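# What the coordinates show
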Amino acid sequence: GVFTYLAPAALIVSALLTAGYLLPQKKPAVTDSGYPKRSPVTRYVRSVYEDGHVRIAKGSNDSGILSNLCGCNCLMEIPAGTEEVREGEMVWVVLL
């Protein structure tokens, strides 16, 4: 029954994970704008990545607000313990 359909799908997903195709792609980027908030935990900020540069998306970055995700193509990763991110700093972005 169901196993007939799930077994091939599980094999395909397993192969894609092993090859790294389903893992998020991370790239280094230079910030075009700062982020002044202290980050006691790793924080992912909605952003726009273009030509090696990243800028924070316009609008609120509160977790409950989804409207500014429309223009985003990445999440800027801010490591735990970061006091602030300054303009011109190198950061990692996770492409969406």
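The structure contained in this document is the topic of the report that follows. It should be emphasised that the depicted structure is a prediction, and the values quoted were computed from it without experimental measurement. (Residues numbered from 1 in each chain as written. Predicted model: local features only at pLDDT ≥ 70, side-chain atom pairs only at ≥ 80, totals over all residues. Heavy atoms only, no water.)

### Examining a nonpolar patch on the surface
- On the surface, Val 13, Leu 17 and Leu 23 cluster together into a nonpolar patch covering about 260 Å² of accessible area.
- For Leu 23, a relative accessible area of 51% corresponds to the exposed category. (Patch = residues over 30% accessible without salt bridge, like charges linked within 9 Å, V, L, I, M, F, W, Y side chains within 5 Å. Areas by Shrake-Rupley, 256 points an atom, 1.4 Å probe, with all protein chains shown as cover. Salt bridge = Lys/Arg side-chain N within 4 Å of Asp/Glu carboxyl O. Buried < 20%, exposed > 50% of the residue type's maximum accessible area, 1.4 Å probe, protein only.)

### Regarding the environment of Glu 83
- Structurally, Glu 83 can be placed in the loop between strand 4 (74-78) and strand 5 (90-95).
- Residues Glu 83 and Arg 38 lie 45 residues apart in sequence; the distance between their C-alpha atoms is 4.4 Å.
- If near-sequence neighbours (up to four positions away) are discounted, Glu 83 is found in contact with Pro 36, Lys 37 and Arg 38.
- Separated by 3.4 Å, the side chains of Glu 83 and Arg 38 make a polar contact. (Helix = DSSP H or I, 4+ residues; strand = E, 2+ residues; numbered from the N terminus. Contact = heavy atoms within 4.5 Å. Polar contact = N/O pair within 3.5 Å; in protein donor to acceptor, adjacent residues only side chain to side chain.)

### Points about the sheet that holds strand 1 (residues 26-31)
- Read around the barrel, 5 strands follow the order 1-3-2-4-5 and close on themselves; strand pairing throughout is mixed. For this sheet the average axis-to-axis angle between neighbouring strands, irrespective of direction, equals 55°. (Pairing = 2+ DSSP bridges. Axes fitted to C-alpha atoms, helices over the stretch in contact; angles between N-to-C directions.)

### Focus: the side chain of Thr 82
- Following the sequence through the fold, Thr 82 ends up in the loop between strand 4 and strand 5.
- Of note is the side chain of Thr 82, whose polar atom sits 2.7 Å from the backbone oxygen of Pro 79.

### Observations regarding the environment of Val 54
- Mapped onto the secondary structure, Val 54 falls in strand 3 (residues 53-56).
- Of the residues examined, Val 54 reaches a relative accessible area of 1% and is grouped as buried.
- Spatially, the C-alpha atom of Val 54 lies 9.9 Å from that of Asn 73, the residues being 19 residues apart in sequence.
- The contact partners of Val 54, leaving out residues within four places of it in the chain, are Ala 29, Val 30, Thr 31, Asp 32, Ser 33, Ser 47, Val 48, Tyr 49, Cys 74, Val 91 and Val 93.

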